[in-house]
Amino acid sequence: MNLFNKVNELKYKWNKFTPRVKCLIIFFISLTIYLINDRTISSGDTVPNSLLVFNLLENQTFNFDAFRTSYFANGGSLHYSFIEAQNGHLTSVYPIGAAILTSPIYVIFYGFLKLFNLPVELTQSSFEPYRLFFEKLAASLVTASSVVVFYLASKLKFSEKIAVISTFIFAFATNTWMTSSQGLWQHGASNFAVIVIIFCLLKVNHTTVQKNKLLFLVIAGMMGGLLPIIRPTSTLFLVAALAYSVVINRFNNLFFLLGMLSILPGLMWNLYYFNNLTGGYSQVGQSWYSFTLDTFLESSLGTLISPSRGVLLFSPILIYSFIGAYNLFKHRFRKDEQLILCMTTAVILLFFNYCFYLVWWAGHSYGPRFMTDIMPVACYVINYSLIDVTQKPVIYKKKIFSSFVFLSLLMFSLFTQIVGAFGHKGFDWNGYPLNIDTYRFRLWQLKDNQIERHAKALFHRLFAPPVKSNKYINGLSGSIEAIEFANQKMTNKKLLLSAKSEILLKAKVKNTGSSQWFGYQSALRKGETRVRVVFYDIQDNLVKESYLYVSGLVSQGETTQAIGTVVIPEQPGVYKMVFELVSDHNVMFPENSDNPYNLQIVVK
């Protein structure tokens, strides 16, 4: 009873707040939770958008020419997010809409740097911590704002209770948290634009003042105009909103079209740098789509249910979107519902777009990153199912069961986002033991899936094993018993290999010490047992090194496998490969271990 009393007390206090105060509370709670893990989770995709405004204000140019020799240039080659434009300048491969949307925020960031006399050396590695910090802060601010607008849009149609529940789902039980808020991906800016469009077009239906109607149409049009230059696939939401507005608002739709002039900066950018309207994606020179049955089956099932990318596994609460869609369709003749149905149609088309997309798993990311784009609509549709969940059915047992199912799905959806945000070491799941971009079978493995790896990373972050103690280190011992190259066992210790080739290696290793080994599945920050692979030339100079990743928890006397890929040196010649056991970021194995294991290779 105390719990119920507390809940009722909180509800009473919440209802006493004014709408403005509620919005501020939602904003700051969301912002705090998004920032509290103190880590930017993004990729090289976000680099240009996180630098564009800084570059404009500091160097007075939109060109990224200065970055040809920056710390982003690895060995003289350009970072993949930059491209040489047809006009001779260096520019971004990716659309700049996210930078346009966040430009007011970045102007404030730049002013902060100047106010405190902090160096703005954009091309130096010393600026990278600032770039990452401001990227995370900008993404979190935009996403927290999206959550507030989602709440306001839900309140226009539904009760306070339903609006708060669906807002919580949108904010913390989907990849809105782990993708949109953690880095300046295109998804966060796209979601902000989509939910503002929904809110404004709903307000047009609920507002009697003509001046306000036209203002909301202009704002909706502005957000719609940004969508193609934020994320081209999100153009589907613009088409859906425009089609709805043409039918419902008729001549007033001219104000929606007026707002769409916001697309012009992006189009001018594309024309200036790429001499076309589609931008940098047209210059990649590779088709990312395959319209075959095999691609459809793998991509559709993978997007929905694969253990490490399935949207229904990472956010099973979205099952209620299907129930909501059914209820929504029953009211399809109402203007508000017609808007949501149009946007739902865009969601379906977007899903089918990715059903033929070759890289449906979205590269190195957490969970169903591509499906982040559908969350504003999918979560809004959940509102229509919550009417059934929150109402009291005639049969009490039925209510208990339905509430239990709903809460279970919600808690698991929340759990996947928590372990993603705080299980930092788990993000390495994408790269090892094998890179998922090459070894896609890992996306389908139930054992050591991405959620499990992140959960273990968080657990071991809170309860770290004593891998740094002297007793543990002194008990480390092991032997490397066999090495297998490209699925062929070594019968001698000399092998002919091609320069710069990537080969799959397997090692049979045995724990001969008293300390347990922690394999890659443990996701330890320090102390994971690995096999270090080192290449030495004929002068015994270290040329390069890599790792094989030991599997499982290995006790004394047990044998296991270490696996990984290594890249062969670039220069032809004779090399010595040395395999030795290490406790990663901790110590080399003590000298009493029966290693290293040496091989001689000839690189041609």
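Residues numbered from 1 in each chain as written. Predicted model: local features only at pLDDT ≥ 70, side-chain atom pairs only at ≥ 80, totals over all residues. Heavy atoms only, no water.

1. As for the overall build of the chain
- From N to C terminus, the chain includes 21 helices and 14 strands.
- Considered along the principal axes of its C-alpha atoms, the chain spans approximately 85 × 65 × 55 Å.
- Restricting to contacts in the chain with at least 6 residues of sequence separation, those with at least 24 account for 75%.
- In the chain, 52 positive and 33 negative side-chain charges are present, and the distance between their average locations comes to 13 Å. (Helix = DSSP H or I, 4+ residues; strand = E, 2+ residues; numbered from the N terminus. Contact = heavy atoms within 4.5 Å. Lys, Arg positive; Asp, Glu negative; His and termini not counted. Charge placed at Lys NZ, Arg CZ, Asp CG, Glu CD.)

2. Brief notes about the side chain of serine 501
- By secondary structure assignment, the location of serine 501 is in the loop between β5 (494-497) and β6 (502-511).
- Apart from the residues within four sequence positions on either side, serine 501 is in contact with Val566, Val567 and Ile568.

3. Some words on the packing of aromatic side chains
- Inspection of the entire model under this criterion finds 51 aromatic pairs.
- Plain terms: the ring middles of phenylalanine 112 and phenylalanine 116 are 4.9 Å apart, the flat faces sit at 50° to each other, and that makes the pair tilted.
- Taking relative accessible area as the criterion, phenylalanine 112 reaches 39% and is therefore assigned partly exposed.
- For the ring pair phenylalanine 296 and phenylalanine 356, a centre distance of 5.5 Å and an interplane angle of 35° mean the geometry is tilted. Separated by 60 residues along the polypeptide, phenylalanine 296 in helix α14 (residues 293-305) and phenylalanine 356 in the loop between α17 (335-354) and α18 (375-390) bring together distant segments of the chain.
- One residue, arginine 442, lies across the ring of tryptophan 429, its end atom 4.4 Å from the ring centre. (Phe/Tyr/Trp six-rings, centres within 6.5 Å; stacked < 30°, edge-to-face > 60°. Buried < 20%, exposed > 50% of the residue type's maximum accessible area, 1.4 Å probe, protein only. Lys NZ or Arg CZ within 6 Å of the ring centre and 35° of its normal.)

4. What about the pattern of salt bridges?
- Tallying each qualifying case throughout the model produces 20 salt bridges.
- Across the salt bridge formed by arginine 68 and glutamate 84, the nearest N and O atoms sit 2.7 Å from each other. Highlighted residues: arginine 68 in the loop between α3 (47-59) and β1 (82-84) and glutamate 84 in strand β1, separated in sequence by 16 residues.
- Here arginine 68 falls in the partly exposed class, since its relative accessible area comes to 29%.
- Two residues, lysine 576 and aspartate 540, come together in a salt bridge whose shortest N-O distance is 3.7 Å. On the criterion of sequence distance, the pair formed by lysine 576 in strand β12 (residues 573-583) and aspartate 540 in the loop between β8 (529-536) and β9 (542-550) is long-range, its members being 36 residues apart.
- Taken together, the shared-partner salt bridges connect Lys22, Lys155 and Glu160 into one network. (Salt bridge = Lys/Arg side-chain N within 4 Å of Asp/Glu carboxyl O.)

5. Details of helix α7 (residues 160-172)
- Under the 1.5 Å per step criterion, the end-to-end length of α7 is 18 Å for 13 residues, consistent within 8% with the ideal 18 Å.
- Those residues of α7 not exposed but buried are Glu160, Ile162, Ala163, Ser166, Thr167, Ile169, Phe170, Ala171 and Phe172. (Expected span 1.5 Å × (residues − 1).)

6. Examining a nonpolar patch on the surface
- Where nonpolar side chains cluster on the molecular surface, the patch consists of Leu254, Phe255, Leu257, Leu258, Leu261, Leu264 and Met268 and spans about 660 Å² of accessible area.
- Top element by residues in the nonpolar patch is helix α12 (residues 253-259). It accounts for four residues.
- When its relative accessible area of 40% is taken as the criterion, leucine 264 is described as partly exposed. (Patch = residues over 30% accessible without salt bridge, like charges linked within 9 Å, V, L, I, M, F, W, Y side chains within 5 Å. Areas by Shrake-Rupley, 256 points an atom, 1.4 Å probe, with all protein chains shown as cover.)

7. Topic: unusual backbone geometry
- A cis amide bond links tyrosine 432 with the next residue in sequence, proline 433, at an omega value of 15°.
- Within the secondary structure, proline 433 is located in the loop between α19 (396-422) and α20 (450-462).
- If you check the backbone angles, asparagine 275 has positive phi at about 60° while not being a glycine.
- When you line up the elements, asparagine 275 lands in the loop between α13 (264-274) and α14.
- Under the relative-accessibility criterion, asparagine 275 is labelled exposed at 59%.
- Its identity as a non-glycine residue notwithstanding, alanine 362 has a phi of 65°, on the positive side.
- Take alanine 362: it is sitting in the loop between α17 and α18.
- The exposure class of alanine 362 is buried, given its relative accessible area of 5%.

8. Brief notes about the nonpolar core
- In this structure, Phe54, Leu201, Phe237 and Met343 are the most contacted members of the largest nonpolar core, which totals 134 residues.
- The element best represented in this core is helix α9 (residues 186-206), accounting for 13 residues.
- Among all residues touching phenylalanine 237, those that are not within four sequence positions of it are Val194, Leu227, Met343, Ala346, Val347, Leu350, Asp373 and Val377. (Core = buried A, V, L, I, M, F, W, Y, C linked by side-chain atoms within 4.5 Å.)

9. Brief notes about helix α11 (residues 235-249)
- Here α11 spans 20 Å end to end across 15 residues, near enough to the 21 Å set by a 1.5 Å rise per residue.
- Following α11 by one or two positions, arginine 250 has its phi on the positive side, about 50°.

10. What about the confidence of the model for the chain?
- In this model, the chain carries a mean pLDDT of 92, and residues with pLDDT of at least 70 account for 95%.
- For the chain, the element scoring lowest by mean pLDDT is strand β4 (residues 488-489), at 51; helix α15 (residues 311-314) scores highest, at 98. (pLDDT = per-residue confidence, 0-100.)

11. A look at the packing of helix α2 (residues 19-35) against α7
- Direction vectors running N to C along α2 and α7 enclose 20°, while the axes themselves pass 12 Å from each other. Looking at the two axes, α2 sits roughly parallel to α7. For the crossing formed where α2 meets α7, the hand is right-handed. Packed against α2, whose contacting residues are Lys22, Ile26, Ile29, Ser30, Ile33 and Tyr34, the element α7 presents Glu160, Thr167, Ala171 and Phe172 at the interface.
- Grouping the constituent residues of the contact of α2 with α7 by class yields six nonpolar, two polar and two charged. (Axes fitted to C-alpha atoms, helices over the stretch in contact; angles between N-to-C directions. Parallel < 35°, antiparallel > 145°, perpendicular 65-115°, else oblique. Left-handed = near helix turned anticlockwise from the far one by under 90°. Nonpolar A, V, L, I, M, F, W, Y, C, P; charged D, E, K, R; others polar.)

12. Considering the packing of α3 against helix α5 (residues 103-115)
- In the contact formed by α3 and α5, the axes pass within 9 Å of each other and the chain directions differ by 55°. In terms of axis orientation, α3 runs oblique to α5. When the axes of α3 and α5 are compared, the crossing they make is right-handed. Of the residues in α5, those touching α3 at Ser50, Val53, Phe54, Leu57 and Glu58 are Ser103, Tyr106, Val107, Phe109, Tyr110, Leu113 and Lys114.

13. Some remarks on the pairing of β12
- Counting buried positions over the eleven residues of β12 gives eight, a clear majority of the element.
- Direction of pairing for β8 relative to β12: antiparallel, over a ladder of eight bridges. When the bridges of β12 are listed, valine 531 appears paired with leucine 581.
- As defined by bridge partners, β12 adjoins strand β14 (residues 597-603) across seven bridges and the pair is classed as antiparallel. Each residue of the ladder has a partner; that of valine 578, found in β14, is asparagine 598.
- Here β12 hands over to strand β13 (residues 587-588) after three residues, with histidine 585 in that stretch at a positive phi of 55°. (Pairing = 2+ DSSP bridges.)

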